[in-house]
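What the coordinates show
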Amino acid sequence: MSKIIENDSINLGLLFFKIRKNWWLFMLAVPLFISLAYLYSRSLERVYRYKSSILLSPKKSGAPRIDVILDISELERKVNTDDEIGVITSYDMIRKTINELDFGISYHTGTEYGKNEHYGRFPFKVTIDSTRLQMTDVPIFVNILSDKTYELIVDDEKIMLYDLQKDEILRNRVPKAKIRKKMKFGEWYRDDYLSVKLDLEDSPKVFDGEKMFFVINNMNALVKSHQSKLKVEPSKRDSYLLVIRMEGVNMDKHTKFLNKLMEVVARENLHIKNREGEQALAFIEKQLHAAEDSLYTAEVNYKAYQSETGILNVDYRDAMTTDNLDQLYENKTDLELRLNSYQSIYNDVVSNPNGLTVAPGSYNVNDLTINNYLNTLNDLTLKKAQNINLNENSPQMIQLNEQLRTTQSALKSYLKKNIETSQRTLNSINTRIADNKSLQTNLPIEDKRMNELARKFEYYKKTYEDLLNKRFQARIGLETNVSDVRIVEEAKKEQDAPVKPNTKLIYLVSLILGFGLPLGYIILMDLINNTIQNKQDIRTHTKIPFLGMIADGGNKNKLLGLDRPKSLAAESFRSLRINLDNTFENSTDARIIGITSTIDKEGKTYCSVNLSLNYALHGKKTILVATDLFKNQLNDYFTTISKDKGLSSYLQGDVDMYAIIQQTQLDNLQVITCGDIPQSPSQLINNQKIGELFEHLKQEYERIILDIPPIGYVSDYYSLQKFLDATLYLVKYNYSDKRFFDEINEQYENERVHHIYIVLNHVKFSSMYEFEFKNRKHHYYQGA
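Only a predicted model underlies this, so the values are computations on that prediction, with no experimental measurement involved. (Residues numbered from 1 in each chain as written. Predicted model: local features only at pLDDT ≥ 70, side-chain atom pairs only at ≥ 80, totals over all residues. Heavy atoms only, no water.)

1. Structural notes on the overall build of the chain
Rule in force here: Note on conventions: DSSP H or I runs of at least 4 residues are helices, E runs of at least 2 residues are strands, and numbering of each starts at the N terminus. Residue contacts are defined here by distance: any two heavy atoms, one from each residue, within 4.5 Å place the two residues in contact. Only the protein chains shown count as cover for residues, and the accessible areas themselves come from Shrake-Rupley with a 1.4 Å probe.
Counting its secondary structure elements, the chain contains 23 helices and 26 strands. Partitioning the contacts of the chain with sequence separation of at least 6, the portion at a separation of at least 24 is 79%. As displayed, the chain offers around 41,600 Å² of accessible surface, 49% of which is attributable to carbon and sulfur atoms.

2. Here's the deal with the sheet that holds strand β17 (residues 241-248)
Applied cut-off: Strand pairing requires that DSSP identify at least two bridges connecting the strands. Lines fitted to C-alpha atoms define the axes here, with helix axes fitted over just the stretch in contact, and angles between the N-to-C directions of these axes take values from 0 to 180 degrees.
Across the sheet, which stays open at both edges, the 4 strands sit in the order β16-β17-β3-β18 with antiparallel pairing between neighbours. Either end of the sheet is taken by a strand with one partner, and the two such strands are β16 (231-234) and β18 (485-493). The sheet shows a mean angle of 20° between the axes of neighbouring strands, direction not considered. Summarising the sheet, strand β3 (residues 48-56) and β17 pair through 8 bridges and their orientation is antiparallel. If you follow leucine 55 over to β17, its bridge partner there is leucine 241. Each of β3, β16 and β17 is contacted by helix α4 (residues 81-88), which is oriented at about 160° to β16, the strand it contacts most.

3. Some thoughts on the pattern of salt bridges
Spelled out, the test is: When a carboxyl oxygen of Asp or Glu lies within 4 Å of a side-chain nitrogen of Lys or Arg, that pair is called a salt bridge. Here's how the labels work: a residue is buried when its accessible area is under 20% of the maximum for its type, exposed when over 50%, partly exposed in between, all with a 1.4 Å probe on protein chains only.
Scanning the entire structure with this criterion turns up 29 salt bridges. Between glutamate 151 and arginine 180 there is a salt bridge, with the nearest N and O atoms lying 3.3 Å from each other. With glutamate 151 in strand β9 (residues 149-156) and arginine 180 in strand β12 (residues 177-184), this pair connects stretches of sequence that are 29 residues apart. The salt bridge partner of aspartate 707 is lysine 604, with a shortest N-O separation of 3.0 Å. Of the two residues, aspartate 707 sits in strand β24 (residues 703-707) while lysine 604 sits in helix α16 (residues 604-617), which places them 103 residues apart along the sequence. Aspartate 707 sits in the buried class, given a relative accessible area of 4%. Each of Arg49, Glu233, Arg245, Glu247, Glu494 and Lys500 takes part in a single network of salt bridges with overlapping partners.

4. Looking at α16
Spelled out, the test is: To estimate how far a helix should extend, the number of its residues minus one is multiplied by 1.5 Å.
Its 14 residues give α16 an end-to-end C-alpha distance of 20 Å, which sits within 8% of 20 Å, the value for a rise of 1.5 Å per residue. In terms of burial, α16 is largely enclosed, as 13 of its 14 residues are buried. Count one or two residues on from α16 and you reach glycine 619, which has phi positive near 100°.

5. A look at helix α12 (residues 503-528)
Taking 1.5 Å per residue, 26 residues should reach 38 Å; α12 reaches 36 Å between its end C-alpha atoms and fits that length. When α12 is considered as a whole, its buried residues turn out to be Ile506, Ser510, Gly514, Pro518, Ile522, Ile523 and Asp526.

6. Remarks on the sheet that holds strand β13 (residues 188-190)
Here we have 3 strands laid out as an open sheet, ordered β6-β14-β13, and antiparallel in their pairing. If you trace the sheet from one side to the other, it starts and ends with β6 (124-128) and β13, each paired once. Along the sheet, successive strands turn relative to each other by an average axial angle of 25°, direction set aside. Note that β13 and strand β14 (residues 195-200) share 3 bridges and pair antiparallel. Across the sheet, the residue bridging to tyrosine 189 is valine 196, located in β14.

7. Notes on the pairing of strand β8 (residues 140-144)
Here β8 shows a clear split, with Ile140, Val142 and Ile144 buried on one side and none of Phe141 and Asn143 buried on the other. Of the strand pairs in this sheet, β8 and β9 are connected by 4 bridges, and their pairing is antiparallel. Bridging across to β9, valine 142 finds its partner in leucine 152. Where β8 folds back on β9, the antiparallel hairpin that results is connected by 4 residues.

8. Focus on the packing of helix α2 (residues 23-43) against α12
As a reminder, the rule being used: Roughly parallel means an angle under 35 degrees; roughly antiparallel means over 145; roughly perpendicular covers 65 to 115; every other angle is labelled oblique. Whether a crossing is left-handed or right-handed is set by the direction in which the near helix is turned from the far one by less than a right angle, anticlockwise for left-handed and clockwise for right-handed. Side-chain classes follow a simple rule in which Ala, Val, Leu, Ile, Met, Phe, Trp, Tyr, Cys and Pro form the nonpolar group, Asp, Glu, Lys and Arg form the charged group, and the remainder, Gly included, forms the polar group.
Their axes nearest at 8 Å, the elements α2 and α12 cross at an angle of 150°. Judged by the inter-axis angle, α2 sits roughly antiparallel to α12. Between α2 and α12 lies a crossing of right-handed hand. Classifying every residue of the contact of α2 with α12 gives 19 nonpolar, 4 polar and no charged.

9. Quick notes on the nonpolar core
What counts here: Side-chain atoms within 4.5 Å link the members of a nonpolar core, which is a set of buried Ala, Val, Leu, Ile, Met, Phe, Trp, Tyr and Cys residues.
Counting 76 residues, the largest nonpolar core has Leu580, Leu611, Phe638, Leu647, Leu697 and Leu728 as its most contacted members. Considering every element that reaches this core, the biggest residue donor is α16, with 7 residues. Once you skip the residues sitting within four places of it in the chain, leucine 697 turns out to touch Ile623, Val625, Ile661, Ile672 and Ile704.

10. Here's the deal with the packing of aromatic side chains
Any pair of aromatic rings gets described here by the distance separating the centres and the angle formed by the planes. Threshold: Aromatic rings from Phe, Tyr and Trp, with only the six-membered ring used for Trp, were paired whenever their centres fell within 6.5 Å, and each pair was classed as stacked if the ring planes differed by under 30 degrees, edge-to-face if by over 60, and tilted otherwise. Should the NZ of a Lys or the CZ of an Arg lie within 6 Å of a ring centre and within 35 degrees of the ring normal, that charge is described as sitting over the ring.
Applying the stated criterion across every chain yields a total of 14 aromatic pairs. Seen in terms of ring centroids, tyrosine 459 and tyrosine 460 are 5.0 Å apart; in terms of plane orientation they differ by 65°. Their pairing is edge-to-face. A connected cluster of aromatic rings, assembled from ring pairs, spans Tyr107, Phe122, Phe124 and Phe214. Sitting over the ring of tyrosine 701, lysine 621 keeps its end group 5.1 Å from the ring centre.

11. Description of empty space enclosed by the protein
The condition that has to hold: A cavity here means a set of points on a 1 Å grid, drawn over the protein atoms and nothing else, where a 1.4 Å probe fits but cannot get out; a pocket is an open set with protein on both sides within 12 Å along at least five of seven lines, and a residue lines either one if it has an atom within 4 Å of a point. Grid points are joined across faces, edges and corners, and a volume is the space filled by probe spheres set on the points.
Applying the stated criterion to the full structure yields 5 cavities of 30 Å³ or more. Looking at the second largest cavity, its volume works out to about 50 Å³. Along its surface, the second largest cavity is lined by Lys604, Thr605, Ala626, Asp628, Lys631, Gln633, Leu634 and Asp707. In terms of residue class, the lining of the second largest cavity is built from 2 nonpolar, 2 polar and 4 charged.

12. Thoughts on the side chain of serine 52
Structurally, serine 52 can be placed in strand β3. You can call serine 52 buried: its relative accessible area is 0%. Leave out the neighbours within four places in its chain, and serine 52 touches Leu242, Val243, Ile244, Leu258, Met262, Glu489, Glu490 and Ala491.

13. Side note on the pairing of strand β21 (residues 622-626)
Residues in a regular strand point their side chains to alternate faces of the sheet. Among the 5 residues that make up β21, 5 are buried, leaving the element largely enclosed by the rest of the structure. Here β21 pairs with strand β23 (residues 669-672) via 4 bridges, running parallel. By the bridge assignment, isoleucine 623 is partnered in β23 with glutamine 670. Pairing geometry for β21 and β24, over 5 bridges, is parallel. When the bridges of β24 are listed, valine 625 appears paired with leucine 706.

14. A closer look at a nonpolar patch on the surface
Rule in force here: Patch rule: a residue counts if its relative accessible area is over 30% and it has no salt bridge; like charges are joined within 9 Å, and nonpolar side chains (Val, Leu, Ile, Met, Phe, Trp, Tyr) within 5 Å.
Together, Ile5, Ile10, Leu12, Phe16, Tyr521, Leu524, Met525, Leu527 and Ile528 line one region of the surface with nonpolar side chains, adding up to about 870 Å² of accessible area. Secondary structure elements with two or more residues in the nonpolar patch: α1 (12-21) and α12. No other element matches α12, which puts 5 residues into the nonpolar patch. As for its position among the elements, isoleucine 10 is in strand β2 (residues 9-10). Judged by its relative accessible area of 54%, isoleucine 10 is exposed.

15. Quick look at a negative patch on the surface
Here is the rule: When charges are counted, Lys and Arg are positive and Asp and Glu negative, with His and the chain ends excluded. Each charge is placed at NZ for Lys, CZ for Arg, CG for Asp and CD for Glu.
Together, Asp742, Glu743, Glu746 and Glu749 give the surface a local cluster of negative charge. Mapped onto the elements, glutamate 749 comes out in helix α22 (residues 741-749). Taking the relative accessible area as the measure of exposure, glutamate 749 reaches 57% and is therefore exposed.

And the structure:
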């Protein structure tokens, strides 16, 4: 496997090998990204989390409601923490809080909008005219010139205007606003878009050298911003201790907001309780006045009749009848009170389709089902009030209205049934009273009348005394009323370390990038690298036999056998010579060996020279012939030879063959250079004299090495192929493209080339995974 990722698998050994070879990429990338992470984290504002807590009473306390005072409630109303959280985080509650704080104008230093806000101490204070339009969310810069004057500067595109009286933003934006005017402190600046007055509060040296500006905030956006940052949750499950958290950069401002929010929540809770208590007291006062009038009338009639008849006590005459009538009248009174309550609730529900207008406890009813319906209606009414900003056509508001209508319909149906039942029962009691009265017809009329007046008097007296006692209880409860919300912990930092920026995450990401990008680069380069990397690549892309590898010899003009005989490159040529000889049936026969490649710079001249040298050093009489008439490169290796006369001179008939053979510094090695570059090299190489030359050389030399032009450029190889006993086809490590095999493979499969062998040239064994990890032979030659 020659790729890191191949056949849906990862070659971890090759991956780690390439990582080690490209260690410098990681040494550059990791410090770079860590430095960038440091600079980035330093540029961000430090955001802290602030925390406060309030405790909710699990039961309603303080001033009793009317249902509690009159002992008609069967339910104990408990606190729902989810509803309370919804109230605390509601738009109206936050708006009330912000209205009580000086958040309408924010003060900043620097030039970046929304950053470096200061709360509390600042050189100047801004007052705005709420009766005029103001530009909102625009940085208004102030350049303090002296303790008496300053310069007001505004330069912004398409500003938005805010109507403070209507509390709304004008839809159409105003074109670019540009202001630059010198003003005096305490003097009003007024135009169509801005109306402000600045008063010097502190020394300008507080922020000496820094630019200062203020912003008139859009209250609606400000409320929504605080609403999004606010988080309220129970300290633990089913707990009435609520923890309120908020994140921000300005400790003074955010802790003040949280403290004020808790104060407003507690105050609003107390306000609602006082309102319910006052409603209960008003109801009792109304009933008390009616009872007082009835008691006075009953007492006057009773005393007058006593005075008229002289009868003081008639109990012994009609004890039994009186007991029955007393019970019936008591039942009748209770039933009438209940019937009135049912009717009152029914009328209120019919006349108020949008919900309840009074607290559920204000009705005199002792029925579990009705109380449940009333509490449900009350909760739905409160939810509508909390979502007052929602459109009537919004899904949430449609759902609330539908729930309200369904509950009202069920309540009206239930009330109607109870009214009819109570009316029937009342008619029955009246009939029984009439029957009991008929039993008393035999009694003296005076006694009967006296009993009636006495019963009425005692009834209204008892009612009046009970109402006096209830009023006393209601007044005590109202005077001692306290909020069901108690502030437990005032706002403070939850932790000393900022929650943003998350420096650990930033540095972790920088490390990932520092390692990941070089790693990705290595893998990408491996994926797009289509050059020959090892023997496996050759065997995968061609069926031509593989003969050997030539190590990277450094300087391409080196005669390795002489200059560096112990080097790995020299040894690889010796191995190539042995492998090549083993391909011949009789190694003593004269052999013509051609060396070519696909394109230029794949090392064919380098290999031709050093293979010829190796044969010569091994005792073989060898001649190197430069058949590449396009370039004359042998003189770069053999400085003692002349380039004036060569193969081109012989083929053109200028000289004979003996004149072009030149001796090198090695006795067994002669060379024939290409000579002067002809105008038509390919045409010249087809000269019949080339055959005569090879026939003569075969008689004189044991090995004839031909340096042949690249196959991919010209057709000279095919002209010389008929003379060759073997062809070494060079591919260069990490240079030759795998696609180069397409043409030679086609020729090989069609049997147009014969006795051809692949040689991998310029191999850097230290850069090859197979040899670095699997074969460490090259270490033996290091430094040779």
